Amino acid sequence: YFWQVAAFVTVIICMDAGPDPINAFNTATLRAQETGLGILVYSLVAIFLWPSSSRAGFNAAATDLASIQRQLYQAYLGLMSGQGGEQEARRLAAQQAQAKTRFDQLLDAAETDSQEVWESRRQWRRYQRQAMELMQTMARWRESFAEVQTLDLQRMLPGIEAFGAELDARMVQIGNMLAGTAPGQVPLSVDLSLDNNAVGNLSHFQLAALVVTRANMLHMDQLTRSLFEGVSELSGFGTASAPIEAPRAPAAVFLPDLDRLANVVRYMAILWMAWLALIYVNDIPGGAGLVSFAGGLGIAVASLPQVPVSKLFKPVATSVLFAAVLYIFVMPQLSSFAGLGLLIFAVTFVIGYLYADPQQMIGRAAGLATFVVIASISNEQSYNFLSVANTAMTFILLLLILVITAYIPVSPRPERVFLRLLGRYFRSSEYLISAMRWYPAHAATRLERWKEAFHEREVATLPSKLGSWLPHLDTRVLSGATPEQAQALVTSLQSLTYRMQLLLDERDIPQAQFLVQELLEEFRAWRLGVQGFFQRLAEEPVIGGQDMLRTRLDGLVVHLESRIKDTLNKAPEGQLSNREAENFYRLLGAYRGVSEALVEYGANAAGIDWTPWREERFA
């Protein structure tokens, strides 16, 4: 809000002040007083008359996230023992990604409009980080099930059944506390030690899988205990003993946001067109007010690129007609401040009521601005039909400018934007995969590190940007695509993002050199294969059929698994420590995760007919 107000108020001051510095100072002071008074009145109304808070929705989102994570944990627990359905686990994993995204969005909003959430923001941010860590840990845990399902876990981990039940009970209590119910019990300690006699005959590969599975479960033990204590404190049922860790410091490097830059380019194009029209067109309707209107309405349009300019036609025409009727037939009959005040209140109420939805913000701003300009309220009121005609012509010119600049710098059609963001996502993914070389030709330069950080940020933020365009896709025109299919596609991209982040984290763990040397070609083959898929997906949102993609990726992963298994099992005694075997097995799980997430995306993309998305249409 601050930056939007600063943008159009600066334009108003510059256009109204002219070359007179005293007038400029007076105008700036007046605008500051008006804006400050507006903020004060709005704040008092929001606090005392109609308090509005997203806390209820935020609490529901937190409870929903905890419930889905518990259901996913139960599904994974069943899969580990050879029971349960893979499809159900995938469905819950997709729901978890959606619930986590919704929780993050509502947390940002609740910190702004809820005093209770603001006072506990550090605790909630800790909960957010730990819920994300639990999500990642369960994903790592899932990747080892293929090997441990063939083992007798009850014999090798005698306490696994009681351990699993304890973690489930904690998750139930966490959800209950978020819903406002006091916990029935406190976390208990359950032993999950290995039976050394039972694991003595396992191969290096099997032992690494078992140890990694146990390590992930122990990490979930720590996380759920910490989550229990933190939620207990937040809900008022106890005091957390663990200190609140400081949030990770942001990287001290500038990473441009391409979408923000595009919005800036569009806004500057709107301003320059209005300014040049004022200079080169004599007696242009509105005069300097055209540039002022362009600054105010342009910043709103540029910051909401999802809203097409055509949505403004009806609100603007209705506003001009409504204000003209009041100006011509009602205002001349008023003779007192009480009558004028009642009129202003009624007009503001009607416009605010009819355009109350957040999606109608631009129409609401245009309606209020139109009334203020046409009414031209002053101490010595005069009436002239030219005021109405000039304002109508000003808005016609402004809408023309907005239509012309709508395609600057790129097409605003939602399906085109969606395809463009998809392409950016896979180009950034391709760059990150290409940079994952065991032996690069040279040490990374500062520019290369900056590019890697930029692409990491792109991969992390683009799924949520794609999600913001979903409600604006016209699936009636885009035949062969339903809202559910589009949502599933974005969810699969979010899952792929998490898996890519896990792979980047695991890739930084030191590995045994002889293993790297032995398996260098296999890892290179996987990297080049996935890199090729990303390159093709950057051009086309789907490549071939789902079966082809799964066959190719499964072939790469199966070959990699087989070579890692043989290499670990044939390692000479004393050359490979258990820790090194575990690290390599974790890396294999990360590769598996990326391949599986890519297959899941391919399945969702293959169900959509992408041809209408590229067709030219006029609407």
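Residues numbered from 1 in each chain as written. Predicted model: local features only at pLDDT ≥ 70, side-chain atom pairs only at ≥ 80, totals over all residues. Heavy atoms only, no water.

Chemist: Explanation requested: the overall build of the chain in the structure shown.
Modeler: Tallying secondary structure elements over the chain gives 23 helices and 0 strands in all. In terms of its C-alpha atoms, the chain occupies a principal-axis envelope of roughly 100 × 55 × 45 Å. Counting every atom, the chain has about 31500 Å² of accessible surface; 59% of that belongs to carbon and sulfur. The averaged location of the 58 negative side-chain charges in the chain is 2 Å from the averaged location of its 51 positive side-chain charges. (Helix = DSSP H or I, 4+ residues; strand = E, 2+ residues; numbered from the N terminus. Areas by Shrake-Rupley, 256 points an atom, 1.4 Å probe, with all protein chains shown as cover. Lys, Arg positive; Asp, Glu negative; His and termini not counted. Charge placed at Lys NZ, Arg CZ, Asp CG, Glu CD.)

Chemist: Could you clarify how one ought to interpret the pattern of salt bridges in this entry?
Modeler: When the charged atoms of two side chains with opposite charge come close together, those side chains can pair. Within the structure shown, the criterion is met by 25 salt bridges. The partner of Lys465 in a salt bridge is Asp257, with the nearest N and O atoms 2.9 Å apart. Taken as a pair, Lys465 in helix α18 (residues 446-469) and Asp257 in the loop between α10 (204-234) and α11 (258-280) lie far apart in primary sequence, 208 residues in all. You can call Asp257 buried: its relative accessible area is 17%. Here the salt bridges share partners, and the residues they tie into one network are Asp257, Asp259, Arg424, Glu458 and Lys465. (Salt bridge = Lys/Arg side-chain N within 4 Å of Asp/Glu carboxyl O. Buried < 20%, exposed > 50% of the residue type's maximum accessible area, 1.4 Å probe, protein only.)

Chemist: How should the side chain of Thr137 be read in this particular structure?
Modeler: In this structure, Thr137 sits in helix α6 (residues 121-142). From its side chain, Thr137 meets the backbone oxygen of Glu133 in a polar contact 2.7 Å long. Setting aside its immediate chain neighbours within four residues, Thr137 contacts Asn216, His219, Met220 and Leu223. (Polar contact = N/O pair within 3.5 Å; in protein donor to acceptor, adjacent residues only side chain to side chain. Contact = heavy atoms within 4.5 Å.)

Chemist: Can you walk me through the side chain of Asn216 in this structure?
Modeler: The residue Asn216 is located in helix α10 in this model. The class for Asn216 is buried, based on a relative accessible area of 3%. Each residue touching Asn216, except ones within four places of it in the same chain, is listed here: Thr137, Arg140, Trp141 and Arg586.

Chemist: Teacher, can you tell me more about a nonpolar patch on the surface here?
Modeler: A grouping of Leu37, Leu40, Val41, Leu44, Ile47, Phe48, Leu49 and Trp50 is seen on the molecular surface, where their side chains present a nonpolar patch of about 910 Å² in accessible area. Counting through the fold element by element, Trp50 comes out in the loop between α2 (21-49) and α3 (55-80). When its relative accessible area of 65% is taken as the criterion, Trp50 is described as exposed. (Patch = residues over 30% accessible without salt bridge, like charges linked within 9 Å, V, L, I, M, F, W, Y side chains within 5 Å.)

Chemist: What is the right way to look at the environment of Ile401 in this model?
Modeler: By the secondary structure assignment, Ile401 is in helix α16 (residues 385-405). Ile401 gets classed as buried once you look at its relative accessible area, which sits at 7%. Every residue in contact with Ile401, bar those within four places of it in the chain, is listed here: Ile270, Met273 and Ala274.

Chemist: How should I be thinking about the packing of helix α19 (residues 483-507) against helix α22 (residues 578-606) in this particular structure?
Modeler: When two helices pack together, their arrangement is given by the angle between their axes and by how far apart the axes lie. Remark: α19 packs on α22, axes separated minimally by 9 Å, with the N-to-C direction vectors making an angle of 165 degrees. The orientation of α19 with respect to α22, classified from their angle, is roughly antiparallel. In this structure, the crossing between α19 and α22 has a hand that is left-handed. When α19 is examined against α22, the residues Ala488, Leu489, Ser492, Leu493, Ser495, Leu496, Arg499, Met500, Leu502, Leu503, Glu506 and Arg507 are found in contact with a partner set consisting of Arg586, Leu587, Ala590, Tyr591, Gly593, Val594, Ala597, Leu598, Glu600, Tyr601, Asn604 and Ala605. (Axes fitted to C-alpha atoms, helices over the stretch in contact; angles between N-to-C directions. Parallel < 35°, antiparallel > 145°, perpendicular 65-115°, else oblique. Left-handed = near helix turned anticlockwise from the far one by under 90°.)

Chemist: Would you mind going over unusual backbone geometry with me for this structure?
Modeler: Among all residues except glycine, the phi angle is most often negative; among peptide bonds, the trans geometry is most common. Across the junction of Ile408 and Pro409, the peptide omega takes the value 5 degrees, indicating a cis bond. Mapping Pro409 onto the fold places it in the loop between α16 and α17 (414-434). At Asp283, a position not held by glycine, the phi torsion is positive, near 55 degrees. Locating Asp283 in the fold gives a position in the loop between α11 and α12 (288-303). For Ser376, which is not a glycine, the phi torsion comes out positive at approximately 45 degrees. Look at Ser376 and you get partly exposed, because its relative accessible area is 37%.

Chemist: Looking at this structure, how should I read the packing of aromatic side chains?
Modeler: One pair of aromatic rings is described through two measures. These are the centre distance and the angle between the planes. Evaluation of the coordinates by the stated rule reveals 21 aromatic pairs. Where Phe418 meets Trp613, the ring centres are 5.5 Å apart and the plane angle is 50 degrees; that geometry is what we call tilted. Placement of the pair is Phe418 in helix α17 and Trp613 in helix α23 (residues 611-614), with a sequence separation of 195 residues. By relative accessible area, Phe418 is classed as buried at 0%. We classify Trp613 as buried; its relative accessible area is 1%. When the ring of Trp450 is compared with that of Phe454, the centres are 5.8 Å apart and the planes differ by 10 degrees; the resulting orientation is stacked. With Trp450 and Phe454 both in helix α18, this residue pair falls 4 residues apart, about one helical turn. Judged by its relative accessible area of 11%, Phe454 falls in the buried class. Three or more aromatic residues link up through ring pairs in this structure, and these residues are Phe58, Phe103, Trp124 and Tyr127. Over the aromatic face of Trp118 sits the side chain of Arg121, whose NZ or CZ is 3.9 Å from the ring centroid. (Phe/Tyr/Trp six-rings, centres within 6.5 Å; stacked < 30°, edge-to-face > 60°. Lys NZ or Arg CZ within 6 Å of the ring centre and 35° of its normal.)

Chemist: Whenever I open this one, the packing of α18 against α19 confuses me. Can you help?
Modeler: Contact pair α18 / α19: the axes reach a minimum separation of 9 Å and the direction vectors enclose 165 degrees. Taken together, the axes of α18 and α19 lie roughly antiparallel to each other. The hand of the α18/α19 crossing is left-handed. Residues Glu456, Val459, Ala460, Pro463, Leu466 and Gly467 of α18 touch α19, and the partners they reach there are Val490, Leu493, Gln494, Thr497, Gln501 and Leu504. Taken together, the residues that form the contact of α18 with α19 break down as 7 nonpolar, 4 polar and 1 charged. (Nonpolar A, V, L, I, M, F, W, Y, C, P; charged D, E, K, R; others polar.)

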